[in-house]
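Chain and residue survey
Here's the letter readout for the chains.
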Amino acid sequence: MAVAYASIDDIKALGTIPSAEVDAFETKYPGRIVKISLSESDDKDSLMRPRYGVPFPSPFPPSIVKHIAALVVWRMYLIKGINPTTTQLAEIKAMNDDAKAFFEDLLTNKRQ
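So, here is what we can say about the structure in this document. (Residues numbered from 1 in each chain as written. Predicted model: local features only at pLDDT ≥ 70, side-chain atom pairs only at ≥ 80, totals over all residues. Heavy atoms only, no water.)

By the secondary structure assignment, Asn96 is in helix H5 (residues 88-107). The exposure class of Asn96 is buried, given its relative accessible area of 2%. Separated by 26 residues in the primary sequence, Asn96 and Ala70 place their C-alpha atoms 5.4 Å from one another. (Helix = DSSP H or I, 4+ residues; strand = E, 2+ residues; numbered from the N terminus. Buried < 20%, exposed > 50% of the residue type's maximum accessible area, 1.4 Å probe, protein only.)

Our next topic: helix H4 (residues 62-80). Here H4 spans 27 Å end to end across 19 residues, near enough to the 27 Å set by a 1.5 Å rise per residue. Considered for burial, the residues of H4 that qualify are Ile64, Val65, His67, Ile68, Ala69, Ala70, Leu71, Val72, Val73, Trp74, Met76 and Tyr77. Packing partners of the buried residues in H4 comprise helix H1 (8-14), helix H2 (19-28), helix H3 (32-48) and H5. Directly beyond the C-terminal end of H4, a positive phi value near 105° is found at Gly81. (Expected span 1.5 Å × (residues − 1). Contact = heavy atoms within 4.5 Å.)

Further remarks concern the nonpolar core. Counting residues in each nonpolar core, the largest one holds 28 residues, and the members touching the most others are Ile11, Ile64, Ile68, Met76 and Phe103. When residues in this core are grouped by element, the largest group, 10 residues, is from H4. Not counting chain neighbours up to four residues away, the residues in contact with Phe103 comprise Lys44, Met48, Ile64, His67, Ile68 and Leu71. (Core = buried A, V, L, I, M, F, W, Y, C linked by side-chain atoms within 4.5 Å.)

Under the counting rule described, the total for this entry stands at six salt bridges. With its nearest N and O atoms 3.1 Å apart, the salt bridge here joins Lys80 to Glu21. Placement of the pair is Lys80 in helix H4 and Glu21 in helix H2, with a sequence separation of 59 residues. A salt bridge links Glu40 to Arg75; the nearest nitrogen and oxygen atoms lie 3.0 Å apart. (Salt bridge = Lys/Arg side-chain N within 4 Å of Asp/Glu carboxyl O.)

Listed below in structure tokens is the structure:
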């Protein structure tokens with residue numbers, strides 16, 4: 001059974017998006033944040049399944065929660081629209097890229 005590793009509270013605490021924007025997104029798109037988190041978590045579980053005992057039991061590893069939250073925030077910004085001139089965009093993109101690299105490293109034995 002699929003598990004969403006990053007909750008809305010995790011995204012508020014760890015993501016690069018203000019809490020008020022998370023709340024506004026959830027109001028405009030009810031349930032979508034959890035569905036995105038579930039999708040990202042399940043996608044990463046499918047990649048890790050051959051090497052790791054996934055889904056991870058609760059409490060989830062903090063590094064997994066942090067990186068799933070970054071992937072969720074990126075998708076939230078893609079849905080709501082990104083101002084390409086904002087300085088925040090570079091930080092959001094960097095966190096998304098770091099999250100992707102983190103999971104790639106897990107699959108290639110660079111991290112355990």
